[in-house]
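# Observations on the model geometry
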Amino acid sequence: MFSSFMVNAWQAGTIVAVVAGVVGFFVVLRGSAFPAHAIPNGAFAGAAGANLIGVNPLVGLGVFALGAALGIGRLSRRGRADAVTALALVMMLALGAAFLSQSVEYEPQIFSLLFGEILGVSSSQILPVFVLAVVCVLSVAVLYRRLLLTSIAPEIAAARGLRPERVETIFLVIIAGATTMTVPVVGALLIFTLMIGPPAAARCFTNRTGLALFVSVAFALATMWGSLAAAFLTNWPVGFFVGTFSFGWFVLGRLYATWHRAHGSPKVRVVLAQ
Amino acid sequence: MHAIFEPGFFSSGPVHVALVIGAVAALVSAVVGVFAVVRGQSFAGHALTDVATTGGSGAFVLGISPLVGFLGAAIFGAGAMDLVGVQRVRGRDLATGVVLGAATGLAALFLFLDTTSGATTGATQTILFGSIFTVASSTIPTVAALSVVTIFVIAFIYRPLLLSSFSADLAAARGISLRVVGLLFMLALAVSVGLSSIAIGSVLSTALLIGPAAAALRLATSLRGALVLACVLGVVATWLGVLFAYDSFYWFSKSQGLPVSSFIVALIFVAYLASGMPVLRRRGERSGAAGRGGPRGTRVEESA
């Protein structure tokens, strides 16, 4: 389980889980689940395009992820945010379909872009992933108070002179950064799963922001490590376990919240739905 | 791959099927889509296509009819979203995301089993992007029949749905069960999305669901007008897209045309952007509020 190719997987998986836990916490808090799904998924089209013109797929991923973040941020200022997100997503996927139709893409490569190839991570991939991860986590740390305030009390934030739409766009760019580094490792579909399940569960267990953030990262790490071990033992795709474990955390969280509402102190309120 | 553009492959048959099935899918999607957009359930509408395709890949593994897989998974997914809390406006996207995440994990497993069993090469792509040209003409009656059922359900709950979409409090005060209306709508959404994703692929399904509806809602002054306009936009974009895709075969020397879904989506996207132009002048003040979560139907309310 700790042979050389697995060591890379453990390292990459750990980095990805930390970032997903941190960024995902704000995704859940801000209700940005749809952009968090759309940006990595759309970025997949960028990788297909990069393959077509012979550029490093990371460049394509980055360009499309950033384009998606800025486009969604900009267009949703004068339209329904969720409709705009859906349209941006299908537009990018349609481009991806056009790219794929012009190239002779090998089927497993598409599969791995969507569902990840964590067991095939090379040691040269670790460093860029690590650097982007540090940038993402640092950006969240710098914006921490602004992200919190615009998520929880947009009116107060506006009164303090913060511009919610600008903070939202910056946050989408952070998602784009997290996406660019994680798609080649865990795939476009699974980074979303990892950004939703563990943080949503964490919010069921505690109302305190700092603690919830910590729990979110812990759940994400547990999901990732458990998935890697399970995938190694069963030879099934990591993605299946990431999806199942993430959902499991959420179910646990909901059960705990229900139990706590019935038996716990009345002061504690479930703020999941926000 | 997308080897549907073989030279000489075109008798008019596939094109006719594409035109018919595309129009049916566009009409149903437009009607359901208007409510999906108004209710702020675009994400659910999109996520259900992914859930449906998970069912599709599961059907491959189990060897049952793909239609059963697609529809079954979509309906099950809609029920799960409702259970997790899709009926609460603020928790909708999260509930959708949780269900989508779980379905994605299953999809990873099913596609893995598909590809290792070797029975379905190209399954990932077919399922994601589908193609309107590869639809068998024998599926038309099924799709049409289920579409009629979907439209009927929407017509049946039209007024309560309308009221609960625009003002949940008012609807509740009138004795409308938001839960029942919401669940019925989710089921209609699931059937419509499941059908269109098996017929035309999940990308196009979302595009036809959200695009024409969102554009029409920006242009029309009443909900009825928006419904009609969305239907027109959807059908026109679909037919033009089929035409362009047919022609695109002659554009390149590589004898490889572009996928029809790319054209249809591009047309819909352009239509949406164009619909924003007059809105830009009339409602320039609407900034900021749309930044998170999604506003809930304020726009039509003020113009209806």
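Residues numbered from 1 in each chain as written. Chains lettered and ligands numbered in written order. Predicted model: local features only at pLDDT ≥ 70, side-chain atom pairs only at ≥ 80, totals over all residues.

Right, let's get into the overall build of chain A. The helix and strand inventory of chain A stands at 11 helices and 0 strands. Each helix and strand of chain A, placed in order from N terminus to C terminus, yields the pattern α-α-α-α-α-α-α-α-α-α-α. Residue burial in chain A is summarised as follows: out of 274 residues, 56% are buried. Considering only contacts in chain A between residues 6 or more positions apart, those separated by 24 or more positions represent 77%. (Helix = DSSP H or I, 4+ residues; strand = E, 2+ residues; numbered from the N terminus. Buried ≥ 20, exposed ≤ 12 C-beta atoms within 10 Å, placed from the backbone. Contact = placed C-beta atoms within 7 Å.)

What follows is about the overall build of chain B. What chain B contains, in helices and strands, is 13 helices and 0 strands. Listing the helices and strands of chain B from first to last along the sequence gives α-α-α-α-α-α-α-α-α-α-α-α-α. In chain B, which comprises 304 residues, the proportion classed as buried is 56%. A fraction of 76% describes how many contacts in chain B between residues 6 or more apart in sequence connect residues 24 or more apart.

This part covers the packing of helix α2 (residues 33-53) of chain A against helix α8 (residues 164-186) of chain A. Residues and elements named next belong to chain A. At a minimum axis distance of 9 Å, the contact between α2 and α8 shows a crossing angle of 45°. For the element pair α2 / α8, the angle class is oblique. Pair α2 / α8 crosses with right-handed handedness. Contact residues: P35, A36, I39, P40, A43 and F44 in α2; L172, I175, A176, T179, T180 and V183 in α8. When the residues that make up the contact of α2 with α8 are grouped by side-chain class, the tally is 10 nonpolar, 2 polar and no charged. (Axes fitted to C-alpha atoms, helices over the stretch in contact; angles between N-to-C directions. Parallel < 35°, antiparallel > 145°, perpendicular 65-115°, else oblique. Left-handed = near helix turned anticlockwise from the far one by under 90°. Nonpolar A, V, L, I, M, F, W, Y, C, P; charged D, E, K, R; others polar.)

Attention now moves to the confidence of the model for chain B. Residues and elements named next belong to chain B. In this model, chain B carries a mean pLDDT of 77, and residues with pLDDT of at least 70 account for 75%. Averaged pLDDT values over the elements of chain B bottom out at 40 in helix α13 (residues 298-303) and peak at 89 in helix α10 (residues 202-219). A low-confidence stretch, residues 1-9 (pLDDT under 50), is modelled with 12 contacts involving residues beyond four sequence positions or located in other chains. Per-residue pLDDT stays below 50 along residues 283-304; that stretch engages in 46 contacts with residues further than four places along the chain or on separate chains. For this predicted complex, the interface score ipTM comes out at 0.83, while the overall pTM is 0.82. (pLDDT = per-residue confidence, 0-100.)

What follows is about helix α3 (residues 57-75) of chain A. Residue and element names in this part refer to chain A. Between its first and last C-alpha atoms α3 spans 26 Å; for 19 residues at 1.5 Å apiece the expected length is 27 Å, and the two agree. Those residues of α3 lying buried are G60, L61, G62, F64, A65, A68, A69, G71, I72, G73 and L75. Those residues of α3 that are buried lie in contact with α2, α4 (81-102) and α8. (Expected span 1.5 Å × (residues − 1).)

A few words on the environment of A:F219. Residue and element names in this part refer to chain A. With respect to the secondary-structure elements, F219 resides in helix α10 (residues 209-234). The spacing of F219 and M91 is 128 residues in sequence and 33 Å in space, taken between C-alpha atoms. The residues touching F219, leaving out its near neighbours within four places in the chain, are G21, P198, A201, A202 and W249.

Our next topic: unusual backbone geometry. Residues and elements named next belong to chain A. Of note in this structure, N235 is not a glycine but carries a positive phi near 70°. Inspection of the secondary structure assignment puts N235 in the loop between α10 and α11 (238-263). The class of N235 is exposed, set by 10 C-beta atoms lying within 10 Å.

Residues and elements named next belong to chain B. Packing of helix α9 (residues 178-200) against α10 leaves a shortest axis separation of 7 Å and a crossing angle of 130°. With respect to each other, α9 and α10 are oriented oblique. The hand of the α9/α10 crossing is right-handed. Residues V193, S196, S197 and I200 of α9 form the contact with α10, whose own contacting residues are S202, L204, S205, L208 and L209. In terms of residue class, the contact of α9 with α10 is made up of 5 nonpolar, 4 polar and no charged.

A residue-level look at chain A finds 90% of positions with pLDDT of 70 or above and a mean pLDDT of 82. Element-level mean pLDDT values for chain A span from 66 in helix α5 (residues 107-115) of chain A up to 90 in α10(A).

Another aspect to go through is the nonpolar core. Ranked by internal contacts, the top residues of the largest apolar core, which has 191 residues, are B:V34 and B:A74. Residues contacting B:A74, with those up to four places away along its chain left out, are B:L48, B:V51, B:A52, B:G55, B:A190, B:V191, B:V193 and B:G194. (Core = buried A, V, L, I, M, F, W, Y, C linked by C-beta atoms within 7 Å.)

This paragraph deals with the environment of B:A23. Residues and elements named next belong to chain B. Tracing the chain through its elements places A23 in helix α1 (residues 13-38). A count of 17 C-beta atoms within 10 Å places A23 in the partly exposed class. Sequence-wise, A23 and W239 are 216 residues apart; in three dimensions their C-alpha atoms are separated by 7.5 Å. If we ignore the near neighbours within four places in the chain, the residues touching A23 are V235 and T238.

On to the environment of A:L70. Summarising the element assignment, A:L70 is placed in helix α3. Residues A:L70 and A:V173, spaced 103 residues apart in sequence, show a C-alpha to C-alpha distance of 7.0 Å.

So, about α8(A). Residues and elements named next belong to chain A. Helix length check: α8 (23 residues) gives 31 Å between terminal C-alpha atoms against 33 Å at 1.5 Å per residue, within 8%. A bend of about 35° at T180 is the largest found in α8, and the proline P184 appears one to four places after it. For α8, a buried count of 18 out of 23 residues is recorded, marking the element as mostly surrounded by other parts of the structure. Looking at the residues trailing α8, positive phi occurs at G187, about 95°. (Bend = angle between axes of the 7 residues up to and from the residue.)

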